[in-house]
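Listed below, chain by chain, are the residues.
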Amino acid sequence: MYRYSIGFFGYGVFLIFTEFLKRNTNEASPSHMVGFVIKMIICALLIWFSLKLVIQNNMERKRLDYAIQKYGEDAIIKQIENNTIAEYVNKRIIGNRTYFTEQYIYDNLESSPKVIAYEEIDQIYHNVVKHIFGSQKNIVIKSKAGWTDIICYNVSKEEYKEYLKICKEHQPNILVGNSKSIKDKHKQHVKEYKQTCH
């Protein structure tokens, strides 16, 4: 994640620097100004995106550290080794696996590994994002604490149903789906959780 963010940030700064070097104030015609403004907007977006990646990565790392401190690294590893109920293997990202154990969901995606206890889950749904190259399917998990995790990239509907069944066995009160009524209930749960924590 840091490699990408540093690359985007560096490229954005490079574009701004080269644009200022090329810019001749004597040739400030309207067409030059429009081109300059467009390039500056693109640079600003690249820099913004890179900073967003860094912030997101830091938050995910903090959550992983918190989970390791709370549950214990050895306990998590033992769950994966001895109590795995189901395992999702990503067919597109080599080495990416998601383990559904008796206590946790562990996703080993290199850029953002996750440990999610079933008791933390408030909402879950199968997310399908369509784009020009096809579609991206994954599972979205939301907690009462307000965080959102994406796991099982490229998961099928049938696999999702299998993993949903496991989650519901361990946390029967999970909100399933992403309809407006479900979103509203989840927002209310987050609000209530934050009120009890403060």
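Residues numbered from 1 in each chain as written. Predicted model: local features only at pLDDT ≥ 70, side-chain atom pairs only at ≥ 80, totals over all residues. Heavy atoms only, no water.

Draft legend 1. Quick look at the pattern of salt bridges. Applying the stated criterion across every chain, the model contains 3 salt bridges. The partner of K91 in a salt bridge is E159, and the shortest N-O contact between them spans 3.7 Å. Note that K91 is positioned in the loop between β1 (84-89) and β2 (97-101) and E159 in helix α4 (residues 157-170), a separation of 68 residues in sequence. The exposed category is assigned to K91, whose relative accessible area is 67%. A salt bridge links K180 to D184; the nearest nitrogen and oxygen atoms lie 3.0 Å apart. Here the residue K180 and the residue D184 both occupy positions in helix α5 (residues 180-197), the gap between them amounting to 4 residues, near one helical turn. (Salt bridge = Lys/Arg side-chain N within 4 Å of Asp/Glu carboxyl O. Helix = DSSP H or I, 4+ residues; strand = E, 2+ residues; numbered from the N terminus. Buried < 20%, exposed > 50% of the residue type's maximum accessible area, 1.4 Å probe, protein only.)

Draft legend 2. Spatial organisation of the packing of aromatic side chains. Taken as a whole and assessed by the stated rule, the structure comprises 4 aromatic pairs. Both rings, one in Y88 and one in Y163, keep their centres 6.2 Å apart while their planes meet at 75°; by these two values the pair is edge-to-face. Residue Y88 is located in strand β1, and its partner Y163 is located in helix α4; the two are separated by 75 residues in the primary sequence. Grouping residues by exposure puts Y88 and Y163 together as buried. With a centroid separation of 6.3 Å and an interplanar angle of 20°, the aromatic rings of Y99 and Y106 are classed as stacked. The buried category is assigned to Y99, whose relative accessible area is 16%. According to the relative accessible area criterion, Y106 is partly exposed, its value standing at 21%. One aromatic cluster is present, formed by Y88, F100 and Y163 through successive ring pairs. (Phe/Tyr/Trp six-rings, centres within 6.5 Å; stacked < 30°, edge-to-face > 60°.)

Draft legend 3. Region of the structure containing a nonpolar patch on the surface. Residues I41, L45 and W48 make up a contiguous nonpolar surface patch of roughly 340 Å² in combined accessible area. As for its placement among the helices and strands, W48 is situated in helix α2 (residues 30-71). (Patch = residues over 30% accessible without salt bridge, like charges linked within 9 Å, V, L, I, M, F, W, Y side chains within 5 Å. Areas by Shrake-Rupley, 256 points an atom, 1.4 Å probe, with all protein chains shown as cover.)

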